[in-house]
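Listed below, chain by chain, are the residues.
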Amino acid sequence: MRIKTIKIKLGQLTSKKRKLLETEIENFNRNLRGEKAPLYSATLQHTTRYYKKNRIKKNKPYPLSLRNDVFKLLKTKNKRYKYFFKIPIYGVRGGILAPLHVTGYHTPIMCNSDSFGDSKITKQGKDFFLHLTCRKKKNKSTIHKNSIPISVDLGERNPAVSVTLHHTLMNPIFHGGKTLRKIRAHHRRLRTALGKKKLLKKIKQIAQKEQRAVNAVLHKISKDLVTHAQNLKKTGKRPVILLGDLKHIRKAAQKKGRKMRRIINQWPFYRLQQFITYKAISAGIPVALIGERNTSKTCHRCKCKGTRKKGLFKCKNCGLEYNADINGAINIGHRFLDYMFKNRATMTPLQSGAVKIVCTTPQPSKIQPCGYPSL
Ligand SMILES: [Zn+2]
């Protein structure tokens, strides 16, 4: 189930409706604070259901919470407002109808949703806003033998590198670039400077700012990646996005030096994977997690062990010199094809909608000896 909440501005209300809605919100808040005020029964139920009485802050205004079966969304032929929203109000039979400012961004989310969840109405200044929870069933997307793997290697040097393995084509794409590194370095410098001046409140503020800046980059990376997969899907192919199983990444970092540890432990790998997963699943593109053990140390051409230094991979056997992240991504793709073609894959669906692919025969713990046939 995919859930998305959209914030829709309510259109102009008549003074009578306005007053009714204001009173309802006011009474909702009074009930939260423990006073008794007349309120629509189902809404009254929500005052105890969603908010714990001992956690209510006295001066904070809370949004009016509506149960999903008591409100209604109506489509009308009105020229100015295409949609109206029916809000239940205490003592008003049938509630009140409020027009909605539904924008081009809202329309597809609203119209394509299968059902609505409990929603809220807030008042900001003079305007009212409806926070509508839209629920949509997940698209079914399956992984086939002839799926084209788009394997993604997440790293510190290049946030995400994707490789599309299709026949002999590879088509590596670098997503993101340097910006993330710059954002982090900049804020780290700021933090040290502020720490010396003991401005702790300011440090907290810039932490939130950094989070937003980083998230923006992560959203862009994941969107680009999913768009790439969608373009492939439009040509009639079946793409599948492969992500590395991150379980061991922090463990592996322990062996590295202090600076490298800090970089790896703070890098939002998991968040980026989540963004990629939910965007891909809602676009109908399957996502698979695959163990990435040794993928960065193995040569993709001869499957031998190599070394990785400053973003460059060098093979000890065949002398291949290659971008380390691309090499890793190709190996993840090869591993997927290997599992699929030899029918060795066990797929476990995860809650996020992704599928975890594990090899049914025990995976060799050491790197293959030379001469192992490459795919
Ligand atoms: Zn090699």
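Sequence positions are assigned chain by chain, starting from 1 and proceeding in written order. For a predicted model such as this one, the threshold for reporting local features is a pLDDT of at least 70, and the threshold for listing and counting side-chain atom pairs is 80 or more; totals across whole chains, interfaces and linings nevertheless cover every residue. Here the side-chain values reflect all heavy atoms present in the structure, with hydrogen atoms and water set aside.

Let's talk about the overall build of the chain
Link 1 in the chain: Secondary structure follows DSSP: runs of H or I at least 4 residues long count as helices, runs of E at least 2 residues long count as strands, and numbering of each begins at the N terminus. Secondary structure assignment for the chain yields nine helices and 17 strands.
Link 2 in the chain: The globule rule used for comparison is 2.2 Å times the number of residues to the exponent 0.38, while the radius of gyration itself is calculated over C-alpha atoms. For a compact globule of 375 residues, the expected C-alpha radius of gyration is about 21 Å, and the chain comes in at 26 Å, more than 25% above that figure.
Link 3 in the chain: Sequence separation of 24 or more characterises 60% of the internal contacts of the chain that already satisfy a separation of 6 or more.
Link 4 in the chain: Computed by Shrake-Rupley with a 1.4 Å probe, the accessible areas treat only the displayed protein chains as cover when residues are assessed. About 22,300 Å² of surface is accessible on the chain, with carbon and sulfur atoms providing 53% of the total.
Link 5 in the chain: Looking at the chain, you have 84 positive and 17 negative side-chain charges, and the mean spots of the two groups are 3 Å apart. Contacts are residue-level and defined by heavy atoms, with any inter-residue pair within 4.5 Å sufficient. Under this rule, positive means Lys or Arg and negative means Asp or Glu; His and the chain ends count for nothing. Lys charges are placed at NZ, Arg charges at CZ, Asp charges at CG and Glu charges at CD.

Things to note about unusual backbone geometry
Link 1 in the chain: The backbone of Lys198 sits at a positive phi, close to 60°, despite the residue not being glycine.
Link 2 in the chain: Tracing the backbone through its elements, the reader meets Lys198 in the loop between α4 (179-196) and α5 (200-234).
Link 3 in the chain: In this scheme, a residue with accessible area under 20% of its type's maximum is buried, one over 50% is exposed, and one in between is partly exposed, where area comes from a 1.4 Å probe on protein chains only. Accessibility expressed as a relative area gives 66% for Lys198, which makes it exposed.
Link 4 in the chain: A positive phi angle is found at Lys303, which is not glycine, with a value near 65°.
Link 5 in the chain: Residue position: Lys303 is located in the loop between β12 (287-291) and β13 (306-309).

A look at the pattern of salt bridges
Link 1 in the chain: Salt bridge criterion: a side-chain nitrogen from Lys or Arg within 4 Å of a carboxyl oxygen from Asp or Glu. The tally for this structure, following the rule as stated, stands at twelve salt bridges.
Link 2 in the chain: For the salt bridge of Arg33 with Glu35, the shortest nitrogen-to-oxygen distance reads 3.8 Å.
Link 3 in the chain: A residue is classified by how much of its surface remains accessible, and Arg33, at 33% relative accessible area, is partly exposed.
Link 4 in the chain: The partner of Asp325 in a salt bridge is Arg308, and the shortest N-O contact between them spans 2.9 Å.

Side note on the packing of α4 against α5
Link 1 in the chain: Put simply, α4 and α5 touch, their axes get as near as 10 Å, and they point 180° apart. Put simply, α4 runs roughly antiparallel to α5. Contact residues: Thr179, Leu180, Ile183, Arg184, His187, Leu190, Arg191, Leu194 and Gly195 in α4; Lys202, Ile203, Ile206, Lys209, Glu210, Ala213, Val214, Val217 and Leu218 in α5.
Link 2 in the chain: The class makeup of the residues in the contact of α4 with α5 is ten nonpolar, three polar and five charged. For every element, the axis is a line fit to its C-alpha atoms; helices are fit only across the contacting stretch, and the angle between N-to-C directions ranges from 0 to 180 degrees. Relative orientations are named as follows: roughly parallel for angles under 35 degrees, roughly antiparallel for angles over 145 degrees, roughly perpendicular for angles from 65 to 115 degrees, and oblique for any other angle. Under the scheme applied, nonpolar residues are Ala, Val, Leu, Ile, Met, Phe, Trp, Tyr, Cys and Pro; charged residues are Asp, Glu, Lys and Arg; polar residues are all the others, including Gly.

Re the sheet that holds strand β16 (residues 345-349)
Link 1 in the chain: Overall, mixed pairing links the seven strands, which are arranged β10-β9-β8-β11-β12-β17-β16 in an open sheet. Strands at the two margins of the open sheet, each flanked by one partner only, are β10 (172-175) and β16. Within the sheet, the average angular offset between the axes of one strand and its neighbour, ignoring direction, is 30°.
Link 2 in the chain: Relative to strand β17 (residues 355-359), β16 runs antiparallel, the two being bridged by five bridges. Pairing of Thr348 across the sheet is with Lys356, part of β17.
Link 3 in the chain: Sheet contacts for α5: β8 (148-154), β9 (160-164), β10 and β11 (239-245); angle to β11, the most-contacted strand, approximately 145°.
Link 4 in the chain: Packed on one face of the sheet, helix α8 (residues 269-282) meets β8, β9, β11 and β12 and runs near 160° to β11. Strand pairing is assigned whenever DSSP identifies at least 2 bridges connecting the two strands.

Describing the domain arrangement of the chain
Link 1 in the chain: What fixes the domain bounds is an automatic or database domain assignment. When its domains are assigned, the chain resolves into domain 1 (2-136) and domain 2 (148-359).
Link 2 in the chain: Here domain 1 and domain 2 have C-alpha centroids that lie 41 Å from each other.

With respect to the pairing of β12
Link 1 in the chain: For β12, the tally of buried residues reaches four of five residues, placing the bulk of the element in the interior.
Link 2 in the chain: Sheet topology note: the β12/β17 ladder contains three bridges and is parallel. For Ile290, the partnering residue across the bridge sits in β17 and is Ile357.

Some details on the packing of helix α1 (residues 15-32) against helix α2 (residues 41-49)
Link 1 in the chain: Here α1 crosses α2 at 40°, and the two axes come no closer than 9 Å. The angle between α1 and α2 falls in the class oblique. Remark: the crossing between α1 and α2 carries right-handed chirality. Along the contact surface, α1 presents Phe28, Asn31 and Leu32, while α2 presents Thr43, Leu44, His46 and Thr47.
Link 2 in the chain: Residue composition of the contact of α1 with α2, grouped by class: three nonpolar, four polar and no charged. Should the near helix be turned anticlockwise from the far one by less than a right angle, the crossing is termed left-handed; should it be turned clockwise, right-handed.

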